[in-house]
Amino acid sequence: MAKGKSGGHYRGAVSGRYVTNALGKRSPNTTVFEKTGGGSTGSARSARSGRFVSGATAKRNPKTTVEES
């Protein structure tokens, strides 16, 4: 069995919508991989680094951050 990310989905940073796995893998700077069952955090995550960022940073960079509810 191939090793890789499983049990989750990719979300586009610009639209906030779920995207296909193929598109998520092709566009790592503008998509975020979300694990299934991660729960809600009420914060924002950078699509480039995958780290949580402040609300001010998310507002300054709307095309490369994803608001998590």
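Scroll up a little and you will see the structure.
Within any chain, residue numbers begin from 1 and follow the written order of that chain's sequence. Residue-level local features of this predicted model are given only where pLDDT is at least 70; pairs of side-chain atoms are given and counted only at 80 or more, and the full residue set underlies all totals for whole chains, interfaces and linings. Hydrogens and water are ignored here; the side-chain numbers use all heavy atoms of the structure.

Asks: How do you make sense of the pairing of strand S3 (residues 31–35) when you look at a structure like this?
Replies: Regular strands place their side chains on alternate faces of the sheet. Accessibility here uses a 1.4 Å probe with only protein chains present; expressed as a share of the type maximum, an area under 20% marks a residue as buried, one over 50% as exposed, and anything in between as partly exposed. Every helix listed is a DSSP run of H or I at least four residues long, and every strand listed is a run of E at least two residues long, numbered separately from the N terminus. Of all the 5 residues making up S3, 4 are buried; the element is thus mostly covered by neighbouring parts of the structure. At least two bridges found by DSSP between two strands is the condition for calling them paired. Pairing geometry for strand S1 (residues 8–12) and S3, over 5 bridges, is antiparallel. Bridge pairing links Tyr10 to Phe33 in S3.

Asks: I would appreciate a short explanation of the pattern of salt bridges in the present structure.
Replies: Pairing is possible between side chains of opposite charge, provided their charged atoms come close. Here, a salt bridge means any Lys or Arg side-chain nitrogen found within 4 Å of an Asp or Glu carboxyl oxygen. Applying the stated criterion across every chain yields a total of 1 salt bridge. For the salt bridge of Arg11 with Glu34, the shortest nitrogen-to-oxygen distance reads 3.0 Å. Of this pair, Arg11 sits in strand S1 while Glu34 is found in strand S3, placing the two residues 23 residues apart along the sequence. For the pair Arg11 and Glu34, one class covers both residues: buried.

Asks: Can you help me understand the environment of Thr30 in this one?
Replies: Mapping Thr30 onto the fold places it in the loop between helix H1 (21–26) and S3. Spatially, the C-alpha atoms of Thr30 and Ala13 are 5.3 Å apart, while their sequence positions differ by 17 residues. Here, residues are in contact when the closest pair of their heavy atoms is within 4.5 Å. When residues no more than four places from it in sequence are discounted, the contact partners of Thr30 are Arg11, Gly12, Ala13, Ala47 and Lys63.

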